[in-house]
Amino acid sequence: MRRHPNQLRGSAIWIAVGAVALVVVNILVATGSLDSYYTSVLGVVGINIILTTSLNLINGITGQLSIGHAGFMAVGAYTAGILSMHFQTPLVVNILAAFAAAAIVGVLIGLPTLRLRGDYLAIATLGFGEIIRVVIQNLKITGGAFGLIGIEWIDNFFYIEIVAIVSVIIIWRIVNSAPGRALVAIREDEIAAETMGINTTAYKVMAFAIGSAFAGVAGALFAHRMAFISPSDFTFLKSIDVLVMVVLGGLGSLTGAIISAVSLSLLPEFLRVIDEWRMVIYPLLLVVVMLFRPQGLLGTKEVHFGAISAALQRLKSLFVKGEEHLEPASDLPAIATREADGVNTDEPILEVRGLSIYFGGLKAVSDLNMTLQRGALHGLIGPNGAGKTTVFNMITGLHPPSEGEILFEGKRIDGKPPHAVTAAGIARTFQNIRLFKDLTVLDNVKTAFHLSTGYGVGSALAYTPSYVAKERWIDSEARRLLEILNLQDRSMELARNLPYGEQRRLEIARALATRPSLLLLDEPAAGMNPQETADLMDLIRRIRDEFDLTILLIEHDMSLVMQLCERITVLDYGMTIFEGTPDEVKRNPRVIEAYLGEEAG
Amino acid sequence: MLRVEDLHVHYGGIHALKGIELAVGEGQIVALIGANGAGKSTTLNTISGLVRASGGRVEFLGKDITNAPSHEIVRMGLCQVPEGRKIFPEMTVIENLLMGAYIRNDSEEIKADRDLVFDLFPRLKERQHQVASTLSGGEQQMLAIGRGLMSRPKLLLLDEPSMGLAPLLVKEIFNIVKAINQQGTTILLVEQNANMALSIADYGYVLETGRTVLHGPAQELAANEEVKAAYLGG
Amino acid sequence: MSRVVALVLLCLVVALFALLRKYRAVVVSNTAFKYSYYPASALLVILAVNFLLVALGADRLFFVQQAVYGLSLGSVYALIALGYTMVYGVIKLINFAHGDIYMVGAYAGYYAVTALNLSFVPALVVAMAVSAVTGVLVERIAYKPLRDSPRITLLITAIGMSLLLENLGQKVFTSTPRTYPSMFTGSYNVFGVSVDLSRIIVFVVTILLMLALQYFVTYTKPGRAMRAVSQDRDAARLMGIDIDRVIAATFAVGSALAGAAGVLVGIVFPQIRPTMGVMPGLKAFVAAVIGGIGIIPGAMLGGMIIGVSENLVTAYISSSWRDAIAFGFLILILLAKPTGILGKHTREKV
């Protein structure tokens, strides 16, 4: 991992400042130099850090706008409160129970609502947050509108500090592992993430549940710190407070979240001087900061975060010499064809029968039949708007067909979700390039190894040897793919900064990382100059042989299609008008009329 | 009438236009052809002010209109019929046409022009009270062109009018484009169907990865071997 | 009223309602009654239930009373919801400050009546004007500079503006609640149900404002431009529409309606305070989403549903569950039809 030395030094300074601050604060508290008021304020800081980092996991990392965090905090707080009051259980038990309870509620709410997107999701989470509060307000066991009084009072800064640090480390480990890459992929482009084989629904619910669980932990700490809680502690405004901290810190940046949690928790104390106008100044500051720093107080998304992990890596390499050499572990298979377990290689790899789809009454594709033999290089051509991309969307599960069936390696795949289709062995690229734009080239490819990850959140947290080995394997395989596509020098560049031609190649690399046996390329040459197009042709042939692929491609560049493809299907107006070899296609009068046009001269 | 010099556009890190040069003379039909992703639509969008140019100059009727706001450019008599039609889906056909005449206040003449559009596209007249989203693809394209005409443009930019239409309809649309031109409107046409475009155009430009690589009278271009190989399927 | 008569009337109302449903397309798309369709339907449904209850020999007074109360509350929600939905239509922003504009309107109306000694209609106009100006200012200061920023940034500034207006309100108007002078006293007896004059005024003014809005949006140039911008912003620019002016106009109209709601709420529930906009604002937004955000008649529909059901829940269950109703409805509708009752299904282009 190469990073700018400046950036590295910058983050090292941040870490040092943070560490020193933490030590100083601890000494001050331990020696009793701070009066109880200030230690109590520090407790608030700790709780807010947990709330902010956990909401950041949902909003920033996974990109799912949730504004009902206070509801989960309430679940945790009341769980801890009730346990403490009725069963006198110790703090640790209460925290764990709060974690579990909030996680369960998170799954229950997340499952139905995470189908929604953007503002709809936001308003649904807001609604659930309010409903949780109203329910608590109406139950007997929660003490109704009056709340719970007499929870064991534990306002110990050290407890809160430890829990906060543990929470942050856990979230940090999750973000920095393969499941974390899946979450970021969802944020960057949900459809592309699906086609990388990521079950986006499951991962969104997981992130939501984990985020909620830690909000529950924060709630438990809050309950014990206050000894008295009521529904009015967990209103919509509380959720908004946390959201503001996350956005102000910079969405997706964990360090940003921490720094903004610290500063916004301490800000009211400083504004105390202008007490009377405090409530007016605070929102004014908020608006002004957003006007001048629309990306959040601490700037771009991953810089700080990535830099810290790089700095830690470097720190580690100082102690553990020679571990930095990345060699593919020999016991793990390199990417090649997946084992042909019981697959009959004589039967067609893909068979499409009577495929039709309607968009609002309009038949976009009608009665398409197509058969692809294993190892074929098949072209799909036709005028813009003829329905070519729609065919790809149906094969890859993005648009379930209205009629007809799709058989892949003899099995029905129509109606399966895209991630399952990818898992079955079909990969694709997109006409309007859908890279994870704000990730590096290397991370784009690494994310696509999702299906061969083979370890869970648990081993990422525990940093098990299998996790380390697998991560190293993914890294080296991703680099190997980049080399094949001649992108090795770009690995640390953000995908958005590549020229079109390289973006298209990166999409191919990413598709290959899912280890497909059928590859669908949607206008791979669009935006390329003739030289690049010629190179692309060689490349497509090469990867077909090297990875034992069958390739179906949509292309307008006739020179490429005619030279490359062995068979071609011509679509027009949603219907197949011809199928045959390039020469037959060139001569066919219907094709000429609809698409190629009469040869002038 | 329209002159584009050394036009550059950046999208994020992508250099989408790298010095486009083109000129459109009064009364002409000029075709802009090239592969998907070559920058044809971006060129039109930059001329009409939807996309900001990062360098270069666009001149219309002798005035510099580079990066001028769209609504002012429309008022000068330059109207774009965008790719994918972009009609107002929830409005009726008549309301869509009225939107096209947004910059005008002469209600009598607007009515007259509306009838002219209906003469040009009799099918729109039949469906004048229908909500636009219920029209077929061809009718939507007609509506988009009709709406563009309602501003009485001196120069009409057409972006892929043939997209998604059956061959017969494509012919019909192109005949109408020719008729519009004969009535005195200058046309800059972006087309993926290069054959069709060059057959009605006076002059043509070929775009490749954000650059103008070739230009000349339409018939010459249509006979050019390179062009034939790349875009005409020859 | 005898049961037989009630039964006949019930049939009549149901028939009328069916007729209305049948010609809904005509009513909604072409006549001047588009936006009044939902309040009218709500009234008919209530009437139908009323006659049904009479026919069954059950106690109807309580229900009808509550439902009619609900109509006036629903009117207020609907008026606020319109602003949310219109602003969302043109810039896709949940304008959190909108609830506070409603508060500003309520105070403007209050001072117009108490300090300037204006009567109801001029006070309403003053409140609408003050709210419109406030709304446009908020847009110019906090939203316009961020037009190309991530939407979450805009959401945060909206929250910031909301808190700012609220806390400024606390400073300027103090947190002590003010009481609107009672302007409309007396009540009418309709079929044995007593209806306060003030509630009738609220309902009637809402209907009138709806008609005005309907006219504005359908037949005037700025209104059409507004619809054009909400349907396709780029296409609107290509028509020569100055987007910035249309957005400002949208804020002005939406805020004026919220200001009107502020005055109307004052004549029914006279106590006003600086934080009064928070909950109604939130619920009105929910109403807009339920009806289908960005769709003007949807805001009417959502407002009526929430207003009436909140009153019924308060009456038949408990007021402490009242706040859950709006959100419960919201979740149910979002899960069944994510784009709202009148929303159109949209497909993401791949």
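This is a predicted model, so every value here is computed, not measured.

Draft legend 1. Region of the structure containing the side chain of T46 of chain B. All names here are of chain B. Here T46 is to be found in helix α1 (residues 40–47). Residue classification places T46 among the buried residues on the basis of a relative accessible area of 3%. A polar contact is formed between the side chain of T46 and the backbone oxygen of T42, at a distance of 2.5 Å. If we skip the residues at most four places from it in the chain, T46 touches L7, V9, L17, V51, R52 and A53.

Draft legend 2. Representation of the sheet that holds strand β7 (residues 155–159) of chain B. All names here are of chain B. Across the sheet, six strands lie side by side as β6-β7-β8-β3-β9-β10; this open sheet has mixed pairing. Every interior strand has two partners, whereas the edge strands, β6 (78–81) and β10 (211–217), have only one. Strand-to-strand, the axes of this sheet are offset by a mean angle of 15°, without reference to chain direction. By the bridge criterion, five bridges tie strand β3 (residues 29–34) to strand β8 (residues 186–191) in an arrangement that is parallel. Paired with I33 across the strands is E191, a residue of β8. Along the sheet, helix α6 (residues 137–149) contacts β6 and β7; its crossing angle with β6, the most-contacted strand, is approximately 170°.

Draft legend 3. Region of interest: the domain arrangement of chain C. By the assigned domains, chain C splits into domain 1 (1–58) and domain 2 (59–336). Centre-to-centre, using C-alpha coordinates, domain 1 of chain C lies 26 Å away from domain 2 of chain C.

Draft legend 4. A look at the interface of chain C and chain A. Every contact between the two is made by 45 residues of chain C and, on the other side, 49 residues of chain A. Between chain C and chain A lies a buried interface of about 4100 Å² when both sides are counted; carbon and sulfur atoms form 76% of it. Counting every contact that joins chain C to chain A gives one salt bridge. The salt bridge partner of R151 of chain C is D119 of chain A, with a shortest N-O separation of 2.3 Å. There are seven residue pairs in polar contact (both at pLDDT 80 or more) connecting chain C and chain A. In terms of residue count, helix α7 (residues 151–173) of chain C provides more of the side of chain C that touches chain A than any other element does, 14 residues in total. Class assignment for the residues of the side of chain C that touches chain A results in 30 nonpolar, eight polar and seven charged.

Draft legend 5. Geometry of the sheet that holds strand β8 (residues 426–428) of chain A. All names here are of chain A. Pairing within the open sheet is mixed, and its six strands lie in the order β8-β9-β10-β5-β11-β12. This sheet does not close on itself; its edge strands, each paired only once, are β8 and β12 (575–580). The average undirected angle you get between the axes of adjacent strands in this sheet is 20°. Strand direction decides the pairing type here: β8 and strand β9 (residues 518–522), joined by three bridges, are parallel.

Draft legend 6. The pairing of β6 of chain B, seen in detail. Residues and elements named next belong to chain B. In β6, alternate side chains face the same way, and those of L78 and Q80 on one face and C79 and V81 on the other are all buried. Taken together, the four bridges between β6 and β7 define a ladder with parallel strand orientation. The partner of L78 across the bridge, within β7, is L155.

Draft legend 7. Representation of the pattern of salt bridges within the structure. All names here are of chain A. Throughout the structure, instances matching the rule amount to 44 salt bridges over all chains. Here R181 and E471 are joined by a salt bridge, their closest N and O atoms 3.1 Å apart. In this pair, R181 is assigned in helix α7 (residues 178–188) and E471 in helix α18 (residues 465–484), connecting sequence segments 290 residues apart. Taking the relative accessible area as the measure of exposure, R181 reaches 11% and is therefore buried.

Draft legend 8. Broad picture of the interface of chain B and chain C. Each side of the interface is counted separately: chain B has 24 residues, and chain C has 18 residues. Summed over both sides, the interface of chain B with chain C buries roughly 2000 Å², with 61% coming from carbon and sulfur. Its largest share of buried area at the contact with chain C, chain B owes to L50, F88 and Y102 of chain B, together 29% of the area lost on that side. Linking chain B with chain C are two salt bridges. When the shortest N-O distance is used, the salt bridge between K86 of chain B and D232 of chain C registers 3.4 Å. Viewed at the interface, chain C and chain B are joined by seven residue pairs in polar contact (both at pLDDT 80 or more). Of all the secondary-structure elements, those providing two or more residues to the side of chain B that touches chain C are α2 (70–75), β6 and α3 (93–100) of chain B. Of the residues assigned to the side of chain B that touches chain C, the class counts are 11 nonpolar, seven polar and six charged.

Draft legend 9. Quick look at the nonpolar core. Residues L506 of chain A together with F96, Y143 and I241 of chain C are the most contacted members of the largest nonpolar core, which totals 271 residues. Of the residues forming this core, the biggest block, 19 residues, is contributed by helix α4 (residues 61–91) of chain C. The residues contacting Y143 of chain C, other than those within four sequence positions of it, are L93, N95, A97, V138, L154, T157, A158, M161 and F251 of chain C. In terms of nonpolar packing, the next biggest core, distinct from the first, is built from 46 residues, I94, V170, I173 and F174 of chain B among them.

Draft legend 10. Molecular detail of the pairing of strand β1 (residues 2–11) of chain B. Residue and element names in this part refer to chain B. With eight bridges connecting them, β1 and strand β2 (residues 14–24) associate as antiparallel partners. Across the sheet, the residue bridging to V4 is L22, located in β2. Counted between consecutive antiparallel strands, the loop separating β1 from β2 contains two residues, among which G12 sits at a positive phi close to 55°. Pairing analysis gives five bridges linking β1 to strand β4 (residues 55–60), with the strands arranged antiparallel. The partner of H8 across the bridge, within β4, is G55.

Draft legend 11. Quick peek at the domain arrangement of chain B. Residue and element names in this part refer to chain B. By domain assignment, chain B separates into domain 1 (25–53 + 68–77 + 153–234) and domain 2 (84–145). Relative placement of domain 1 and domain 2: their C-alpha centres are 22 Å apart. The junction of domain 1 with domain 2 conceals about 1100 Å² of combined surface from both sides, 71% of it contributed by carbon and sulfur atoms. Three residues stand out in domain 1 for area buried against domain 2, namely R75, I173 and I176, and they jointly supply 35% of the buried area on that side. Counting the contacts that link domain 1 with domain 2 gives one salt bridge. Among the ionic pairs, R123 bridges to E172, the shortest N-O distance being 4.0 Å. Linking domain 1 to domain 2 there are one residue pair in polar contact (both at pLDDT 80 or more). When residues of the side of domain 1 that touches domain 2 are traced back to their parent elements, those giving at least two are α2 and α7 (167–182). Among the elements that take part in the side of domain 1 that touches domain 2, α7 stands out by supplying five residues, more than any other. Each residue belonging to the side of domain 1 that touches domain 2 can be placed in one class, and the counts come to nine nonpolar, one polar and three charged.

Basis of the calculations
- All residue numbers refer to positions counted from 1 along the written sequence of the respective chain.
- Lettering of chains starts at A and numbering of ligands starts at 1, both following the order in which they are written.
- With pLDDT at 70 or above as the cut-off, local features in this predicted model cover only qualifying residues; side-chain atom pairs require 80 or more to be listed or tallied, and sums for whole chains, interfaces and linings still use all residues.
- Side-chain measures were taken over the full set of non-hydrogen atoms in the model, leaving aside hydrogen atoms and water.
- What counts as a helix is a DSSP run of H or I of at least four residues, what counts as a strand is a run of E of at least two, and both are numbered from the N terminus.
- Each residue is placed in one exposure class: buried if its accessible area under a 1.4 Å probe, protein chains only, is under 20% of its type's maximum, exposed if it is over 50%, and partly exposed if it falls in between.
- We define a polar contact as two N or O atoms separated by no more than 3.5 Å, with the added condition that, inside protein, one atom must be a possible hydrogen donor and the other a possible acceptor, whereas residues neighbouring each other in sequence contribute only through side-chain atom pairs.
- In this analysis, two residues are considered to be in contact whenever any of their non-hydrogen atoms come within 4.5 Å of each other.
- DSSP bridges decide pairing: two strands pair if at least two such bridges lie between them.
- Every angle, taken between N-to-C directions, lies between 0 and 180 degrees, and every axis is a line fitted to C-alpha atoms, over only the stretch in contact when it is a helix.
- Throughout, the edges of the domains are those of an automatic or database domain assignment.
- A quick way to say it: buried area is the sum, across both parts, of accessible area lost when two parts are put together, with a 1.4 Å probe.
- Between Lys or Arg on one side and Asp or Glu on the other, a salt bridge is scored when a side-chain nitrogen of the former is within 4 Å of a carboxyl oxygen of the latter.
- When residues are grouped by polarity, Ala, Val, Leu, Ile, Met, Phe, Trp, Tyr, Cys and Pro land in nonpolar, Asp, Glu, Lys and Arg in charged, and all others, Gly among them, in polar.
- By nonpolar core is meant a set of buried Ala, Val, Leu, Ile, Met, Phe, Trp, Tyr and Cys residues that side-chain atoms within 4.5 Å join together.

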